Amino acid sequence: MSDEQEAAGLLDALPAVTGEQLRALHDRLASQADAEGLLDVAYRTLDTPVGPLLLAATARGLVRVAYDTENHDHVLTILGRQLSPRILSAPHRLDPAAREIDEYFAGRRREFDLPLDFSLAHGFRLTVLSHLAGIAYGRTASYGAVAAAVGHPKAVRAVGTACATNPLPVVVPCHRVVRSDGSLGGYLGGLAAKRALLALEAA
Amino acid sequence: MLTDPQRRLHHVTGKQPFEMIVARHGPAVFRVCRAVLGPRDADDAWSETFLSALKAYPDLPGDANVEAWLVTIAHRKAIDVTRAAARRAVPVADVPENPSARGPGPRDLERDLDLSAALAALPRKQREAVAYHYLAGLPYAGVAAVLGGSADAARRAAADGIAALRKTYAATDFKGEDQ
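Residues numbered from 1 in each chain as written. Chains lettered and ligands numbered in written order. Predicted model: local features only at pLDDT ≥ 70, side-chain atom pairs only at ≥ 80, totals over all residues.

For the rest of this paragraph, the subject is the overall build of chain B. A tally of helices and strands in chain B yields eight helices and zero strands. Its helices and strands in sequence order give chain B the pattern α-α-α-α-α-α-α-α, from N to C terminus. For chain B, the proportion of its 179 residues judged to be buried stands at 39%. When contacts within chain B are restricted to residue pairs at least 6 apart in sequence, long-range pairs at least 24 apart make up 70% of them. (Helix = DSSP H or I, 4+ residues; strand = E, 2+ residues; numbered from the N terminus. Buried ≥ 20, exposed ≤ 12 C-beta atoms within 10 Å, placed from the backbone. Contact = placed C-beta atoms within 7 Å.)

Rendered as structure tokens:
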């Protein structure tokens with residue numbers, strides 16, 4: 001054993017912080033940060049029938065919903081670069097969103113009534129996403145119909161891209177956009193998730 | 001999949017979400033705070049350190065040594081906490097509180113108390129040098145950057161601190177006991 005190791009061993013009796021202590025310290029940090037306006041992005045995960053969803057919110061509102069397939073750690077890293085690295089797990093800010101999404105999956109909610117932050121969408125994509133909220137629960141629209149509705153009837157593929165990069169899936173219902181032949185088209189959360197959402201809304 | 005703008009951003013900054021900084025460095029910073037301040041003020045120092053770090057985090061260079069940066073902040077916060085405690089005229093070498101009802105068993109707790117007392121009895125600079133080198137893992141040059149002075153002085157302070165701990169704490173020799 002080297003002198004360094006032996007000296008370090010002297011300090012072994014200094015107790016390591018327990019998971020419980022660290023959680024308490026973390027929660028205190030998150031609420032202090034929120035109170036001082038330093039919590040730029042708060043997040044939590046929520047278990048749903050389509051897998052765990054990552055929910056992230058700025059002070060302005062819900063800014064990101066991500067499927068497990070998108071890799072939540074990766075999504076958080078990207079959020080850190082796009083918005084701010086001041087990101088903490090802070091479930092409290094996401095309570096209203098989690099409650100409404102729970103109600104939606106339980107079949108008790110047809111519309112979301114949440115402040116949304118569209119910072120992650122720009123230009124034509126933002127135009128498309130803004131339009132999607134107008135497609136009612138249980139209904140679908142074709143990519144072409146959405147393109148026509150936003151005044152760019154030839155931009156069918158761009159509508160597809162806007163849906164594929166929707167930062168707020170489930171809440172902004174890109175799952176209600178399907179192909180004109182009635183087939184599903186694509187979905188950022190996987191086709192099984194799209195099918196499940198449409199089946200839920202058709203029930 | 002990353003879009004093109006995301007890919008570009010990826011190259012510009014390499015900063016992790018702060019949550020990951022807390023998860024990775026929170027435990028070591030806590031041990032440092034505990035060693036330098038004792039159990040009673042460690043929570044406050046930890047909280048102040050990470051709140052202050054969160055505030056400054058967006059301006060931290062992407063290639064900075066996060067551990068050394070956090071220890072530097074913790075060092076300043078520990079001084080603040082000590083000054084505040086002195087103003088409140090709280091006795092310094094008090095017997096530490098029981099850290100947790102579900103914490104260590106009686107023997108571990110005894111060792112913990114002995115070590116806390118032994119650490120508390122060290123001159124401040126020695127205690128800091130020991131904590132920053134042995135608990136935070138900073139090289140002596142890094143310890144010197146936090147404390148001021150030379151790397152040699154930091155090495156001597158840590159060595160003197162360890163020698164004193166050997167005398168006061170390890171004299172009770174727990175070696176060979178089961179843990």
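Read on, since the account is not over.
Residue and element names in this part refer to chain B. Per-chain confidence: chain B averages 82 in pLDDT, with 73% of residues scoring 70 or above. Low pLDDT, under 50, characterises residues 99-104; the stretch is placed with nine contacts to residues that sit more than four places away or in other chains. This model gives residues 175-179 a pLDDT under 50, and the stretch forms zero contacts once residues within four places in sequence are excluded. Interface confidence for the predicted complex, expressed as ipTM, amounts to 0.91; the pTM equals 0.85. (pLDDT = per-residue confidence, 0-100.)

Okay, the nonpolar core next. Ranked by internal contacts, the top residues of the largest apolar core, which has 100 residues, are Tyr43 and Leu55 of chain A together with Val32, Cys33, Ala74, Ala131 and Tyr132 of chain B. Of all the elements, helix α2 (residues 18-37) of chain B adds the most residues to this core, at 10 residues. Looking at which domains feed residues into this core, each of domain 1 (3-105) and domain 2 (123-202) of chain A supplies at least three. What Ala131 of chain B contacts, discounting residues up to four positions off in sequence, is Val32, Ala35, Val36 and Ala136 of chain B. (Core = buried A, V, L, I, M, F, W, Y, C linked by C-beta atoms within 7 Å. Domains from an automatic or database assignment.)

All names here are of chain B. The geometry of helix α6 (residues 124-135) relative to helix α8 (residues 151-168) is characterised by a closest axis approach of 8 Å and an angle of 100° between their N-to-C directions. With respect to α8, the axis of α6 lies roughly perpendicular. Together, Lys125, Gln126, Arg127, Ala129, Val130 and His133 of α6 and Ala154, Ala157, Ala158, Asp160, Gly161, Ile162 and Ala164 of α8 make up the contact between the two elements. (Axes fitted to C-alpha atoms, helices over the stretch in contact; angles between N-to-C directions. Parallel < 35°, antiparallel > 145°, perpendicular 65-115°, else oblique.)

So, on to the sheet that holds strand β1 (residues 41-46) of chain A. All names here are of chain A. Pairing is mixed in the open sheet, where four strands are placed in the order β3-β2-β1-β4. Each having just a single partner strand, β3 (62-66) and β4 (87-89) make up the two edges of the open sheet. Ignoring strand direction, the axes of neighbouring strands in this sheet form an average angle of 25°. Of the pairings in the sheet, the one linking β1 to β4 comprises three bridges and is parallel in character. Along β4, the bridge assignment pairs Tyr43 with Ser89. (Pairing = 2+ DSSP bridges.)

Moving on, we get to the pairing of strand β2 (residues 53-57) of chain A. All names here are of chain A. Most of β2 is tucked away, with five of its five residues classed as buried. Where burial is concerned, the two faces of β2 agree: the one with Leu53, Leu55 and Ala57 and the one with Leu54 and Ala56 are both buried. Across five bridges, the pairing between β1 and β2 is antiparallel. Within the sheet, the bridge partner assigned to Thr45 lies in β2 and is Leu54. With four bridges joining them, β2 and β3 adopt antiparallel strand pairing. Paired with Leu54 across the two strands is Ala66, which belongs to β3.

Right, let's get into the interface of chain A and chain B. The partner chain B presents 40 residues to the 32 residues of chain A that form the contact. If you tally residues by element for the side of chain A that touches chain B, the top one is helix α2 (residues 19-35) of chain A, at eight residues. Of the residues in the side of chain A that touches chain B, the class split is 19 nonpolar, 10 polar and three charged. (Nonpolar A, V, L, I, M, F, W, Y, C, P; charged D, E, K, R; others polar.)

Residue and element names in this part refer to chain A. Each domain of chain A was delimited in the assignment, giving domain 1 (3-105) and domain 2 (123-202). Between domain 1 and domain 2, the C-alpha centre-to-centre distance is 29 Å. The partner domain 2 presents 12 residues to the 10 residues of domain 1 that form the contact. Looking at the side of domain 1 that touches domain 2, the elements that each hand over two or more residues are β3 and α4 (95-105). Here the side of domain 1 that touches domain 2 takes four residues from β3, the largest share from any one element. Here the side of domain 1 that touches domain 2 is built from residues that sort into eight nonpolar, one polar and one charged.

Glancing now at unusual backbone geometry. All names here are of chain A. A positive phi is found at Asn71, a non-glycine position, where the angle reads about 70°. Locating Asn71 in the fold gives a position in the loop between β3 and α3 (72-82). Despite not being glycine, Val170 shows a phi value in the positive range, around 75°.

Right, let's get into the packing of α2 of chain B against helix α3 (residues 39-56) of chain B. Residue and element names in this part refer to chain B. α3 packs onto α2 with a crossing angle of 145° between their chain directions and a minimal axis gap of 9 Å. Here the hand of the crossing between α2 and α3 comes out right-handed. Packed against α2, whose contacting residues are Phe18, Val22, Val29, Phe30, Cys33, Arg34 and Leu37, the element α3 presents Pro39, Asp41, Ala42, Ala45, Trp46, Thr49, Phe50 and Leu54 at the interface. (Left-handed = near helix turned anticlockwise from the far one by under 90°.)

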